[in-house]
Amino acid sequence: MSSDIAWRSDLLELTPEALTALANAGFVKRAQKDVAAGLLPRLEAGADGVVQAHFDDGVRTSLPPGRTLRDAQCSCPASGMCRHRVMLVLAYQALAASSKADAPAAADDTPADSDGAWNPAQFDDAALAASFAPSVLEQANKLAVARPVVGVQAWRSASAPPAARLPMCSVRFFSRSSLVHARCDCKQGSGCAHVVVAVWAFRQAGALPPDAAEAMVEVRPPASAGADTASGAPQPLMQGDAARVLRAHIDALLLSLWLDGSSQPLMALAARFEAVREQALALGWNWVDDALDELWQLLQAQQARSSRFEPLRLVRVLAELWARLQAAAHAEQPGTRRPSLLASQMLGVGVKGEVALDHLRLVSLGAELWSDDTAEGASILFADPDTQNVTVLERQWTREADAAAGGTAQALMNRRVAGFPLRQLASGQIITKTATRRANGLVDITAGARQTGVLPLSPTSWNDLVAPLRQGSVAALVAHLREAPPDFVRPRQAASGASAGASGQLHVVAFDRMEVVSCHWDAAAQVLHAALAQARVSDAGDPLAAPAKEQLRLSLPHRAVAPGAVDALARTLAGDHGALRAVAGTVHLQGGVAVMQPLSLLTAQRAVVLQVEAVSPQPLGLHSDVDEVPALNALANDTLALLALWLRQGLRHQGGNALSRAEAQVLHLKQAGLDRGAALLGAVLENLRSAQRPALVAQLAMLGLLMQGVAHSASMEA
């Protein structure tokens, strides 16, 4: 190539991380090795900007301007992406670097300030028109008319480019000079309407410093797209007649559950649930519908005596549903300053449906199994290393089908999903082209020949995960959990309810020199307790004990559906598989301490997915943790247990002993300084004796939310 050519900025800006996202890691690693070994193709660049690579094996690859790598022409037998396209880019970058070093005078031809912060808002309407067909721009305008809420993340580094999180997909911008290389994880991959909406979101977000947190934007179609922007702010979502009717019906449904109990016959509730869900969908309140759906599933699980049912989860969902509607209404009140979370985001407007995904890699973080008298199933939790999204693959099988087939019930781990045994998926990394995903993170994978592959988890499988999903210290994890907004204002995610019996957020915790501080079995509660911390030594080389606040507590209850899980955890913590490197599970704060229900662990030798491990008994030390919970937090937990009992039996059916216990709990709350909690519980008792029963829904929800906060916070005791 001539030294006086005009170098293509879009190709020079593609980092190895960008090429990995646009192609795959295998092609990039092989191409990097060839470049390091000097095995470069011969390059030609025409006046029209077309770059051609001529390889020694006779393969010819051509990449014109305005085309992504997938659109490059290559004469090799590969039907899709190939290493030659990646090699063309890396060889081009190597040649540009060599040319710049050999001829400094030509340096002006290379892009200036190619490593600094930048913002996709710089792409104007002319750039959009040049990069996308009119039909794509029209589709983007239709998407924006629904005013979707998009999270935009500013540029942080060359390896962390600007990104936009749409309700149904994610877009990353890998080139500051061309929109062609913007990567969307939808099936189209690039050149789609989601990229246009993402650009509009960055424009409307305004200036974003490189270290800024994710900003939420309710995207509006620009006037240039033919939209009518004269109407100004969107119409309130919570102030119409239909919205008021729906809220009244939901309050009445919740009151019925509190008064008559969750054990009442579901036949009496089915029609009411169907009606309110239809109303929620008609208004586009998809997170409200999702919460109603989870509530109904929990009621069914209770009736079926399924291992999926957990009484405190039922209390939390009722409180969340009421609080979500209240928070959305507050966000729209006149005179309220612009909230950080919008009402449309809290309600889930514009997130209905599912999107087909492009080439996708999913890394397992563990599995949750469940069973009841009529069915069994599993939820496998995955992380997408490219977008850091958490997804859940759910399956269930009826026992009637096994009986109809004339055989006995299959072992759950041998059930097949997308053509693979469940055990293999739960312990593996999936690479597929047949996945679809919903906005709440539920993912589905259909069986397709040569379309899906599964590799086993390795000790390095979680290395590509970053914060906030992966935390490098217990202190950082605790800080993140404390700063996280409450569940009732965040988008609903299937992962938050996939872990039976656990509440909190799914996280990976990995830090150097992870050591086991303690490990013992509470036989009374049937729970294995352990504590992890970073090994520390004094200046003299002596080991130091980690403070309790710097420990990650593990708590794993025994469950009949996964009989090998507790022993598998004990063996792993005992070092049977080598040094512990990382642990994944659902985390919440208990008395200011991070408590995790683990799902899987990575060691120096292997990955251990607890609920799919075979039964292998392990001796356990006995101990009880009854006295380890601070008194204030224990009091909050006792109050939540009281609410769970009321919800199960129904407030109408509480006898004198139950009311006396509640009155004693009011006194205990007052003595502990929890005056607000005592007042709420006292008001509930007073309203039960009067005709003010509609107020019960709000009082019980606020009491539940308050006690959850007290249970999670650090103890106020000396």
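Residues numbered from 1 in each chain as written. Predicted model: local features only at pLDDT ≥ 70, side-chain atom pairs only at ≥ 80, totals over all residues. Heavy atoms only, no water.

1. A few points about the overall build of the protein chain
Inference 1: Counting secondary structure elements, the protein chain contains 21 helices and 29 strands.
Inference 2: When contacts within the protein chain are restricted to residue pairs at least 6 apart in sequence, those whose partners lie at least 24 apart make up 68%.
Inference 3: Only carbon and sulfur atoms are counted for the fraction: they give 53% of the accessible area of the protein chain, which is about 31400 Å². (Helix = DSSP H or I, 4+ residues; strand = E, 2+ residues; numbered from the N terminus. Contact = heavy atoms within 4.5 Å. Areas by Shrake-Rupley, 256 points an atom, 1.4 Å probe, with all protein chains shown as cover.)

2. Comments concerning the pairing of strand β5 (residues 149–153)
Inference 1: With five of five residues buried, β5 lies mostly within the body of the structure.
Inference 2: Side chains of β5 alternate between two faces, with Val 149, Gly 151 and Gln 153 and Val 150 and Val 152 buried alike.
Inference 3: Pairing of β5 with strand β9 (residues 215–218), which is carried by four bridges, proceeds in the antiparallel orientation. What sits directly across from Val 149, in β9, is Glu 218.
Inference 4: Note: β5 against strand β6 (residues 163–165), three bridges, orientation antiparallel. Opposite Gly 151, over in β6, you have Arg 165 as the bridge partner. (Buried < 20%, exposed > 50% of the residue type's maximum accessible area, 1.4 Å probe, protein only. Pairing = 2+ DSSP bridges.)

3. Brief notes about the UniProt feature "domain: SWIM-type" (unreviewed entry) in the protein chain
Inference 1: Under the local residue numbering, the UniProt record ascribes the feature "domain: SWIM-type" (unreviewed entry) to residues 59–93 and 169–203.
Inference 2: The span residues 59–93 shows a helical share of 31% and a strand share of 17%, and its end C-alpha atoms are spaced 20 Å apart.
Inference 3: This span, residues 169–203, is 31% helix and 14% strand, and a straight line between its end C-alpha atoms measures 19 Å. (UniProt positions renumbered as here; feature names shortened; annotations may be inferred.)

4. Overview of the sheet that holds β5
Inference 1: On the basis of which strands lie adjacent, the open sheet formed by five strands has the order β8-β7-β6-β5-β9 and antiparallel pairing. Either end of the sheet is taken by a strand with one partner, and the two such strands are β8 (183–184) and β9.
Inference 2: In this sheet, strand β7 (residues 170–172) lies alongside β6 in antiparallel orientation, the contact comprising three bridges. Within β7, the position partnered with Arg 165 by the bridge is Ser 170.
Inference 3: Strand contacts of helix α7 (residues 193–205): β5, β6, β7, β8 and β9, with the helix running at about 75 degrees to β5, the strand carrying the most contacts. (Axes fitted to C-alpha atoms, helices over the stretch in contact; angles between N-to-C directions.)

5. Thoughts on the pattern of salt bridges
Inference 1: Per the counting criterion, the structure on display carries 26 salt bridges.
Inference 2: Among the salt bridges present, the one from Asp 444 reaches Arg 395, with a minimum N-O distance of 2.9 Å. Of this pair, Asp 444 sits in strand β18 (residues 443–445) while Arg 395 is found in strand β13 (residues 390–398), placing the two residues 49 residues apart along the sequence.
Inference 3: Given a relative accessible area of 30%, Asp 444 falls into the partly exposed group.
Inference 4: Judged by its relative accessible area of 25%, Arg 395 is partly exposed. (Salt bridge = Lys/Arg side-chain N within 4 Å of Asp/Glu carboxyl O.)

6. So, the confidence of the model for the protein chain
Inference 1: Averaged over all residues, the pLDDT of the protein chain is 87; the fraction at 70 or higher stands at 89%.
Inference 2: Confidence drops under pLDDT 50 across residues 105–113; counting only partners more than four residues distant or on other chains, this segment forms nine contacts.
Inference 3: Contacts from residues 405–409, a stretch scored under 50 in pLDDT, to residues over four places away or in other chains number four contacts. (pLDDT = per-residue confidence, 0-100.)

7. Some details on the state of the cysteines
Inference 1: Tallying each qualifying case throughout the model produces zero disulfides.
Inference 2: Of all cysteine sulfurs, the one in Cys 74 lies closest to Cys 76, which takes part in no disulfide; the gap is 3.5 Å.
Inference 3: Under the relative-accessibility criterion, Cys 76 is labelled buried at 10%.
Inference 4: With no disulfide partner, Cys 186 has as its closest neighbouring cysteine sulfur the one in Cys 184, 3.5 Å distant. (Disulfide = S-S within 2.5 Å.)

8. A look at α7
Every α-helix carries 3.6 residues per turn, so stepping three or four residues along brings you back to the same face.
Inference 1: End to end, α7 covers 19 Å across 13 residues, agreeing with the expected 18 Å (1.5 Å per residue, within 8%).
Inference 2: The buried fraction of α7 is high, at ten of 13 residues.
Inference 3: Three or more residues of α7 are buried, namely Ala 193, His 194, Val 195, Val 196, Val 197, Ala 198, Val 199, Trp 200, Ala 201 and Phe 202.
Inference 4: Following α7 by one or two positions, Gly 206 has its phi on the positive side, about 80 degrees. (Expected span 1.5 Å × (residues − 1).)

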